[in-house]
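# Notes for the structure review
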Amino acid sequence: MKISILVGSGDKIALFTLPFIFALAILNLFFPGFFYINDTSGILKMIANIFIIPGLILWLWSVYLVLNNVPNKKLITHGPYLLVKHPLYTSVALLVLPSVGILFNSWLGVFFGLFLYIGSRLFSPL
């Protein structure tokens, strides 16, 4: 089995996303206060904990479905694929990355997720 079958559009999405991630990481080195979250109430961390769990579950479920169906050339039309066309990218971009960033007191995860989501919309085939 070719790895490119499992990767799909991931290489194109990564090439689109990596320059933004690199630029944001450099900005964070020089201006760390810009991305810092000062959440003294803990509300954002509570929300992040709530969103990271379904994000990880959807991601793992999607990985399982891809690994068990794509090599056999079966179209996946159940599970998280009923809700969105690309749950692998969507769950990581909108739930996992922003939550991890917030848990580490940084808005970087939100920005990383945003660029990953944009890349997935641009390069994922219909």
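A quick note: this is a predicted structure, and the numbers were derived from the prediction, not measured. Sequence order sets the numbering: in each chain, residues are counted from 1 along the sequence as written. With the structure being a predicted model, the display of local features is reserved for residues of pLDDT at least 70 and the display and counting of side-chain atom pairs for 80 or more, all residues being used for whole-chain, interface and lining totals. Derived side-chain values reflect all non-hydrogen atoms in the structure, with water molecules and hydrogen atoms excluded from consideration.

### Notes on the overall build of the protein chain
Helix and strand assignments follow DSSP, with helices taken as H or I runs no shorter than four residues and strands as E runs no shorter than two, numbered in order from the N terminus. Counting its regular elements, the protein chain contains 6 helices and 0 strands. Ordered by position in the sequence, the α and β elements of the protein chain form the string α-α-α-α-α-α. C-alpha extents for the protein chain along the principal axes are approximately 50 × 30 × 20 Å. Looking at the protein chain as a whole, 33% of its 126 residues qualify as buried. Buried residues are those whose accessible area, probed at 1.4 Å on protein chains only, stays under 20% of the maximum for their type, while exposed residues exceed 50% and partly exposed ones sit between those limits.

### Overview of the confidence of the model for the protein chain
The predictor attaches a confidence to each residue, and that confidence, scored 0 to 100, is pLDDT. Put simply, the protein chain has an average pLDDT of 89, and 93% of its residues get 70 or more. The lowest-confidence element of the protein chain is helix α1 (residues 3–7), averaging 59 in pLDDT; the highest-confidence one is helix α4 (residues 43–69), averaging 94.

### Observations concerning a nonpolar patch on the surface
A grouping of F22, I26, L27, L29, F30, F31 and F34 is seen on the molecular surface, where their side chains present a nonpolar patch of about 830 Å² in accessible area. The element that contributes the greatest number of residues to the nonpolar patch is helix α2 (residues 10–30), accounting for 5 residues. Structurally, F22 can be placed in helix α2. Like charges are joined within 9 Å and nonpolar side chains (Val, Leu, Ile, Met, Phe, Trp, Tyr) within 5 Å, but only among residues with over 30% relative accessible area and no salt bridge; these make up the patches. Only the protein chains shown count as cover for residues, with accessible areas throughout obtained via the Shrake-Rupley method and a probe of 1.4 Å. Put simply, a salt bridge is a Lys or Arg side-chain nitrogen that is within 4 Å of an Asp or Glu carboxyl oxygen.

### Points about the packing of aromatic side chains
In this description, a pair of aromatic rings is defined by centroid distance and the angle of the planes. Ring pairs shown here join Phe, Tyr and Trp side chains whose ring centres sit within 6.5 Å, with only the six-membered ring taken for Trp; geometry is labelled stacked below 30 degrees between planes, edge-to-face above 60, and tilted in between. Inspection of every chain in the model, using the stated rule, returns 5 aromatic pairs. Ring geometry for F16 versus F123: centroids 5.8 Å apart, planes at 55 degrees, classification tilted. Residue F16 is located in helix α2, and its partner F123 is located in helix α6 (residues 108–123); the two are separated by 107 residues in the primary sequence. By relative accessible area, F123 is classed as partly exposed at 31%. When the ring of F34 is compared with that of F35, the centres are 5.0 Å apart and the planes differ by 85 degrees; the resulting orientation is edge-to-face. Under the relative-accessibility criterion, F34 is labelled exposed at 61%. Among the aromatic residues, those joined into a ring-pair cluster are F16, F20, F115 and F123.

### Describing the environment of L94
Residue position: L94 is located in helix α5 (residues 87–103). You can call L94 partly exposed: its relative accessible area is 46%. For the pair L94 and L114, spaced 20 residues apart in sequence, the C-alpha separation works out to 7.3 Å.

### Regarding the packing of α4 against α5
The angle between two axes is taken between their N-to-C directions and runs from 0 to 180 degrees, where each axis is a line fitted to C-alpha atoms and a helix contributes only its stretch in contact. Closest axis-to-axis distance for the α4/α5 pair is 8 Å, and the angle between their directions is 150 degrees. Classified by the interaxial angle, the pair formed by α4 and α5 is roughly antiparallel. In this structure, the crossing between α4 and α5 has a hand that is left-handed. Ten residue types, Ala, Val, Leu, Ile, Met, Phe, Trp, Tyr, Cys and Pro, are classed as nonpolar, four, Asp, Glu, Lys and Arg, as charged, and the remainder, Gly among them, as polar. Grouping the amino acids of the contact of α4 with α5 by side-chain chemistry returns 18 nonpolar, 5 polar and 1 charged. Roughly parallel refers to an angle under 35 degrees, roughly antiparallel to one over 145, roughly perpendicular to one between 65 and 115, and oblique to any angle outside these ranges. Take the far helix as your reference; a near helix turned counterclockwise from it by less than a right angle gives a left-handed crossing, and one turned clockwise gives a right-handed crossing.

### Some details on the layout of surface pockets
A cavity here means a set of 1 Å grid points, computed over protein atoms only, where a 1.4 Å probe fits but cannot escape. A pocket is an open set with protein on both sides within 12 Å along at least 5 of 7 lines, and lining residues have an atom within 4 Å of a point. Grid points are joined across faces, edges and corners, and a volume is the space filled by probe spheres set on the points. Of the voids in this model, the second largest pocket is the one considered here, and its volume is about 260 Å³. Every residue lining the second largest pocket is counted, 17 residues in all, and those nearest its centre are G10, W59, Y89, V92 and L116. Of all the elements in the fold, those that place two or more residues in the lining of the second largest pocket are α2, α4, α5 and α6. The biggest single contributor to the lining of the second largest pocket is α2, with 6 residues. Of the residues belonging to the lining of the second largest pocket, the class tally is 15 nonpolar, 2 polar and no charged.

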